[in-house]
2 protein chains.
Amino acid sequence: MSILAIAGGVGGAKLAAGLAQALPEGALTVAVNTGDDFEHMGLTICPDLDSVTYALAGLNNREQGWGVTGESWAFMEMTRKLGGEGWFNLGDRDLATHVLRTQRLRQVSLSQVTAELTGALGIRQKVVPMSDDPVRTIIATDEGDLAFQDYFVRRQCKPVFHAMRFDGAEKARISEGFAQALADPALEAIIFCPSNPMLSIEPVLSVPGVRDALAARRVPAVALSPFIAGQAVKGPAAKIMGELGLGTTPAALAACYTGLIDGLMVDKADDGPIEGIITRASDTLMRDDADQIRVAREMLAFAQDLAR
Amino acid sequence: MSILAIAGGVGGAKLAAGLAQALPEGALTVAVNTGDDFEHMGLTICPDLDSVTYALAGLNNREQGWGVTGESWAFMEMTRKLGGEGWFNLGDRDLATHVLRTQRLRQVSLSQVTAELTGALGIRQKVVPMSDDPVRTIIATDEGDLAFQDYFVRRQCKPVFHAMRFDGAEKARISEGFAQALADPALEAIIFCPSNPMLSIEPVLSVPGVRDALAARRVPAVALSPFIAGQAVKGPAAKIMGELGLGTTPAALAACYTGLIDGLMVDKADDGPIEGIITRASDTLMRDDADQIRVAREMLAFAQDLAR
């Protein structure tokens, strides 16, 4: 059997980690957004790939919500002392990932580097970038166009979100691992992780062929809502959905995924029918490993029920 | 007034730090060996420039003898976990220097980057690389040719030293700052720091024009011996001088600098006349700041006496 999860960063990483534990070894492929990737201090940084990788390796920093557990910040302290850029925090441990990846990308693809890094950490699931080609999310705001991390980290999502585009998406090719997972005859379900539908999932859907392949799926696709009672568990999803006039109801989320999902798992606080889609309610907040595994199992059961 | 010091790494950095404290602000230029520089993990690392910089900034790690004081090693730990190269230790703080330099080298010269880094640390002396062009020391050993850091760090200087060459030296141009210091009408003395004459000073002399300019000097040039009673204070200088059949006497050192120095300061343990050169003896071991300043003052006085 094979399960494909589509994930952004933190929320996606949590469900991915739950699925990894709920499924037999090797069954899970996580296709990850790379629209947030950027070059910083000469390093290629892939925040969502790293969040998923650290979560699957059990190295994710739960208190902070991103980065590596037990992280230290000597590099940043010295960087500031040396007059370097201080707005994007790079932990000493996290930095090893960026340095190794940047070096290896001179020789091999992002898929290959990701396989090497996850392999070194003992991860038995496939973690694949949506594409090996650069796709860069650009946010059109009331203060002009901002590169994703400028908007997200430097400006802390404060500018009003008008629209977004994905530079490079037109020419990007779906990664081999992602394409293989979509075409796998053993595929049993597709799971949309509780990631930001705009910033994390849309870039994945912007890669040519992905939307069509998902629309033409022969297996159930289910999404887990990142919203609880109109609020995002983490991040700016609620603010952005509000600024776009979409709102944060289950129906608004379902509209983002029209034609791409068969079922939507919402929090009990948001329970209720949505036209044209099957919903199921649960306690969707993932506070710890046990929650992650429970929610993952519920998502898998949901998909299985829809296959019948 | 202007003083030019020629330095390699650790020993050179100690005397450079003493000279910086003994001289008026702005009087000192330290021209630094870059033959040890190398690319590692995609980063350009300049060990001698960094040793001098950290010493002048008071950030040098005295216990360890290299790197930054109060250093931590989280990056290396994670690098090893991720399957990266572990043979060259990069401290978390030190890494900021390498990352910033590597990034800036895409836009500006090594001289410019060095000026920026030393400026950010509040260093008022000029620290200049011998050249902005890459020069790479290659050691011919009984185990074949080894890149400098392969010989020095990875193999810990264990292979027998047969000869060395400086790849790129023929085409390298002397750095502007080094050339300016040599030609400065206000120049009053040239000081050879107690660095490895083969590995640290020879590469500087290999840059076209340097040896000639030093030979044609109009000011006294004095060297501080890195040997005490036939032993190197630190590093493989004694081993290498032995393997080359030169020995570690003051006379052997003076022979390395024939025509380039007027005086040689040796340790009291090595006192004695050398044909064709003026020697002076002192307590040359630099244990702390006070020693560094004292020895620096003695070197300056020695040069001044030779000018009369």
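Details of the structure are given in the entry above.
Quick look at the structure, then. The shown structure was predicted, so the numbers you read here are calculated from the model rather than taken from an experiment.

## Details of the sheet that holds strand β5 (residues 126-129) of chain A
All names here are of chain A.
Item 1. In space, the 7 strands of this open sheet follow the order β5-β2-β1-β9-β10-β13-β14, with parallel pairing throughout. Unpaired on one side and paired on the other, β5 and β14 (278-282) mark the two borders of the sheet. Neighbour to neighbour, the strand axes of the sheet diverge by 20 degrees on average, direction disregarded.
Item 2. The strands that helix α1 (residues 10-22) touches are β1 (2-7), β2 (28-32), β9 (187-192) and β10 (221-224); relative to β1, the one it contacts most, it runs at about 165 degrees.
Item 3. Packing against the sheet, helix α12 (residues 289-307) makes contact with β9, β10, β13 (263-267) and β14, and its axis sits at approximately 150 degrees to β10.

## Quick notes on the interface of chain B and chain A
Item 1. Listed by partner, the interface residues are 24 residues for chain B and 24 residues for chain A.
Item 2. Secondary-structure elements contributing two or more residues to the side of chain B that touches chain A are α3 (74-81), α4 (92-104) and α5 (110-120) of chain B.
Item 3. A per-element tally of the side of chain B that touches chain A places α4(B) first, with 9 residues.
Item 4. Looking at the side of chain B that touches chain A residue by residue, the classes come out as 12 nonpolar, 8 polar and 4 charged.

## Overview of the sheet that holds strand β7 (residues 144-147) of chain B
Residue and element names in this part refer to chain B.
Item 1. Reading across the sheet, the 3 strands line up as β7-β6-β8 and stay open at both edges, with antiparallel pairing between neighbours. For this open sheet the edge positions go to β7 and β8 (161-167), each flanked by a neighbour on one side alone. When the angles between neighbouring strand axes are averaged without regard to direction, this sheet yields 25 degrees.
Item 2. Strand direction decides the pairing type here: strand β6 (residues 136-141) and β8, joined by 6 bridges, are antiparallel.

## Some remarks on the relation of the copies chain B and chain A
Item 1. Aligned on chain A, chain B shows an RMSD of 0.0 Å; the corresponding rotation is 180 degrees and the shift along the axis is 0.0 Å. A rotation of that kind, with that shift, is consistent with a two-fold axis. Residues of chain B ranked by C-alpha distance from the rotation axis are headed by Asp92(B), positioned 3.0 Å from it.
Item 2. Comparing interface residues between copies, 100% of those in chain B also sit at the interface in chain A, which points to an isologous, same-surface contact.

## Examining the nonpolar core
Item 1. Core analysis: the largest hydrophobic core is formed by 190 residues, its most contacted members being Ala5(A), Ala16(A), Ile191(A), Ala5(B), Ala16(B) and Ile191(B).
Item 2. Once residues lying within four places of it in the same chain are set aside, the contact partners of Ile191(B) are Ile3(B), Ala5(B), Leu19(B), Val222(B), Met299(B) and Ala303(B).

## Considerations on the pairing of β6(B)
Residues and elements named next belong to chain B.
Item 1. Burial along β6 is one-sided: Thr 137, Ile 139 and Thr 141 are buried, and none of Arg 136, Ile 138 and Ala 140, which face the opposite way, are.
Item 2. Where β6 meets β7, 4 bridges bridge the pair, whose relative direction is antiparallel. Bridge pairing links Thr 141 to Gly 144 in β7.
Item 3. The hairpin turn running from β6 into β7, its antiparallel successor, is 2 residues long.

## So, the pairing of strand β10 (residues 221-224) of chain B
Residue and element names in this part refer to chain B.
Item 1. In β10, alternate side chains face the same way, and those of Ala 221 and Ala 223 on one face and Val 222 and Leu 224 on the other are all buried.
Item 2. In this structure, strand β9 (residues 187-192) lies alongside β10, joined through 3 bridges in parallel fashion. Among the inter-strand pairings, Ile 190 is bridged to a residue of β10, identified as Ala 221.
Item 3. The pairing of β10 with strand β13 (residues 263-267) spans 3 bridges and is parallel. Looking at β13, one finds that Ala 223 is bridged to Leu 264.

## What about the packing of helix α3 (residues 74-81) of chain A against α4(B)?
Item 1. Running from amino to carboxyl end, α3(A) crosses α4(B) at an angle of 50 degrees, the nearest separation of the two axes being 7 Å. Overall, the two elements α3(A) and α4(B) adopt an arrangement that is oblique. α3(A) and α4(B) meet at a crossing whose hand is right-handed. Only Asp92(B), Arg93(B), Leu95(B), Ala96(B) and Leu100(B) of α4(B) make contact with α3(A), whose side of the interface consists of Ala74(A), Phe75(A), Met78(A) and Thr79(A).

## A closer look at unusual backbone geometry
Item 1. Despite not being glycine, Gln156(A) shows a phi value in the positive range, around 45 degrees.
Item 2. Inspection of the secondary structure assignment puts Gln156(A) in the loop between α6 (148-154) and β8 (161-167).
Item 3. With phi around 50 degrees, Ala229(B) is a residue other than glycine that occupies positive phi space.
Item 4. Within the secondary structure, Ala229(B) is located in the loop between β11 (227-228) and β12 (231-232).

Cut-offs used in this document
Residues numbered from 1 in each chain as written. Chains lettered and ligands numbered in written order. Predicted model: local features only at pLDDT ≥ 70, side-chain atom pairs only at ≥ 80, totals over all residues. Pairing = 2+ DSSP bridges. Helix = DSSP H or I, 4+ residues; strand = E, 2+ residues; numbered from the N terminus. Axes fitted to C-alpha atoms, helices over the stretch in contact; angles between N-to-C directions. Contact = placed C-beta atoms within 7 Å. Nonpolar A, V, L, I, M, F, W, Y, C, P; charged D, E, K, R; others polar. Least-squares fit on C-alpha atoms with pLDDT ≥ 70 in both. Core = buried A, V, L, I, M, F, W, Y, C linked by C-beta atoms within 7 Å. Buried ≥ 20, exposed ≤ 12 C-beta atoms within 10 Å, placed from the backbone. Parallel < 35°, antiparallel > 145°, perpendicular 65-115°, else oblique. Left-handed = near helix turned anticlockwise from the far one by under 90°.

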